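# Structural overview
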Amino acid sequence: MERDDSDERGGLSLAEEGGEIRAVVTGALGLRELPELQEQLARLEAPRAVTFDLSDAQRIDTGIAWALLRARDRLAEAGARTEITGAQGAVAQILDTVREGLPKPQEEPAPERGLRAALVRLGETVAGGAQSFLGFLGLLGLFVARLLGAVVRPREFRLTALLHHCQAVGLQAVPIVALMAFLIGVVLAFQGAAQLRQFGAEVFVVDLIAISILRELGILLTAIIVAGRTASAFTAAIGSMKMREEIDAMRTLGIDPGHALIVPRVLALVLMLPILGLIANLAGIFGGALMSWIELGISPAMFMTRLAEGTDVTHAVVGLVKAPVFAVLIGVIGCRAGLGVGNTAESLGRMTSSAVVAAIFAVILADALFSIFFQQIGV
Amino acid sequence: MAETVIEVRGLRNQFGTHVVHDGLDLDVYRGEILGVVGGSGTGKSVLLRSITGLITPAAGSVRMLGTEMRGASEAELDALAERIGVMFQDGALFSSLTVCENVMVPLSNVEGLDARTREALARLKISLSGLPWNAGDKFPSELSGGMRKRAGLARALALDPEIVFLDEPTAGLDPIGAAAFDELIRGLSRALGLTVFLVTHDLDTLYATCDRIAVLAEKRVLVTGTLDDMLEVDHPWVREYFLGPRARAARDAIAAGHGRE
């Protein structure tokens, strides 16, 4: 196995001897020489007999051995008489190792195609969707059951964890939520003014801002931001605990993951999202008032009067009453996705992004259902 | 005496104020299987990583296959990388690629190889590592720990390296799987003429595979030699390690195995 730099660069030379081909391998051959060797070997054709002479080969690697053995097998199958001779020492050992180690292909049944397979896939997708919906309902039930359990046995309730999560999902989200709502207020005032000015009805911009923000935009956009921010955080935190078997460890230690992980997180969201929604409402109206003052000359005092006269408090109630529902949806979807993480880093990433998508979708769907509901009862 | 393929002189590694190695010397000869042992925290993996160039030592020199690692050009390091293979502890396979694609990754740097040859060579390496054909089409997450290690070995062998570095090859394997892996390492090393640098905790692996052993202690290579040499060394850690109850059990097992043969 000595290899020094004096090894001559090896090669394959073909010579004809009495109707037979003699393929002589010389020198040291490695992966770099393999493409050329393959080309030369491909030119050998049955039915002429071929003798591979390796007595001058100093060193070959497994790739070269594989190419020689394959060429021999190909010629032998085509009916030619072939022989490998002269291999010595390490060269012979590698040839033997490769010959014994040649992989044996196993044909796997090809995946089915056609209408039947498409139907099977469709069915599996529908069943998978229904199953994840059932999983969501299951976790929702677990959350409610553990919450009621904590009411009966307050000792099991984890106040510290709840406060920690309140800070993470509530307090730390205030700046982004307030800024977002402020900008929405500004945009609404600006666009509303441009349209309403045509009719000389600038003053109604107050109603436009107040009603749209209080009823819909304030809480909906807050929920969407929280869905992106918090659902992903829940999934990542619970998912990485799942990956490292911490959740299994909890179970064996008699700690209920529902109590320890799910109730504090979801309850924190339920408590914090209405507050965030309220902050968003205030920031949005503030932004709208500021823009009305600058753009339309509606003074803050006049804005307040108009707001108190024209906007019923039910609008704010209708908006905020949705918040706890959104919170439960976001929290449970985030936790559920975290528990669905497998044991690979890839599945953590996949579940995190699917949690965000599902949470945002669920929030918008719930908002649409609320709209229909309030329309029907005439609020 | 066989040619020296790795020559470490005066190696010093430190992280902050914590000195891991100080004045460490080590030689590895062509064709041998060298086992590196040492207590936890003696810097076995750090030694492996500084020899392979994954970390730059604070002082000292590492010569591998005639190339001085410090001050080597990019081209020299690239050429060297093709002549060594590293198997990390849990295989370190790329999780988004199948096993076969993982083994094909190093082959894609070789000019002139077509895709079919690359795949065939990858399949050959997978088979030489003792994995069944259909393992090549699986993703690393679908394999057991032992199969992942074999796949990691297949990738390390992809370019027919001269030196293979193995980091804890049998850690986390059941005794049967570990014994099979020991045999695989020894068999491949002999058949392909590999030099193997093996970091391990596993006494059975030491007894079953290694030609020579290097003991890391007191921030340097305390002693190198064959297993029999180790029994003579008068150092508390070495005595405890090689003469402890587990070592005796491993030695007896090997002796019994030889007795049967």
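Procedures and definitions
- Residues numbered from 1 in each chain as written.
- Chains lettered and ligands numbered in written order.
- Predicted model: local features only at pLDDT ≥ 70, side-chain atom pairs only at ≥ 80, totals over all residues.
- Contact = placed C-beta atoms within 7 Å.
- Helix = DSSP H or I, 4+ residues; strand = E, 2+ residues; numbered from the N terminus.
- Nonpolar A, V, L, I, M, F, W, Y, C, P; charged D, E, K, R; others polar.
- Pairing = 2+ DSSP bridges.
- Axes fitted to C-alpha atoms, helices over the stretch in contact; angles between N-to-C directions.
- UniProt positions renumbered as here; feature names shortened; annotations may be inferred.
- Core = buried A, V, L, I, M, F, W, Y, C linked by C-beta atoms within 7 Å.
- Buried ≥ 20, exposed ≤ 12 C-beta atoms within 10 Å, placed from the backbone.

Each side of the interface is counted separately: chain B has 25 residues, and chain A has 28 residues. At the level of secondary structure, the elements contributing two or more residues to the side of chain B that touches chain A comprise helix 4 (115-128) and helix 6 (175-192) of chain B. Tallying contributions element by element places helix 4 of chain B first for the side of chain B that touches chain A, with 8 residues. Counted by class, the side of chain B that touches chain A contains 11 nonpolar, 9 polar and 5 charged residues.

Residue and element names in this part refer to chain B. One open sheet accounts for 4 strands, arranged 2-1-4-5; its pairing is antiparallel. The open sheet terminates on both sides in strands that have one partner only, identified here as strand 2 (18-29) and strand 5 (67-68). Sheet topology places strand 1 (residues 4-15) next to strand 4 (residues 59-64); 5 bridges connect them, and they run antiparallel. Bridging across to strand 4, Glu-7 finds its partner in Arg-63. Of the strands in this sheet, strand 1, strand 2 and strand 4 touch helix 1 (residues 44-51), which is tilted by about 120° from strand 1.

All names here are of chain A. Taken from the UniProt record, the annotation "transmembrane region" (unreviewed entry) applies to residues 133-152, 173-193, 213-239, 285-304, 316-339 and 351-374. Its end C-alpha atoms 29 Å apart, residues 133-152 is made of 100% helix and 0% strand. The distance separating the terminal C-alpha atoms of residues 316-339 is 36 Å; by composition the span is 92% helix and 0% strand.

What follows deals with the nonpolar core. Core analysis: the biggest nonpolar cluster contains 100 residues, and Leu34(B), Val164(B), Phe165(B), Val196(B) and Leu198(B) have the highest contact counts within it. If you tally residues by element for this core, the top one is helix 2 (residues 62-77) of chain A, at 7 residues. Residues in contact with Val196(B), not counting those within four places in the same chain, are Ile33(B), Leu34(B), Val164(B), Leu166(B), Ile185(B) and Ser189(B). By size, the runner-up hydrophobic cluster in this structure holds 69 residues, among which are Leu221(A), Val226(A), Leu273(A) and Ile285(A).

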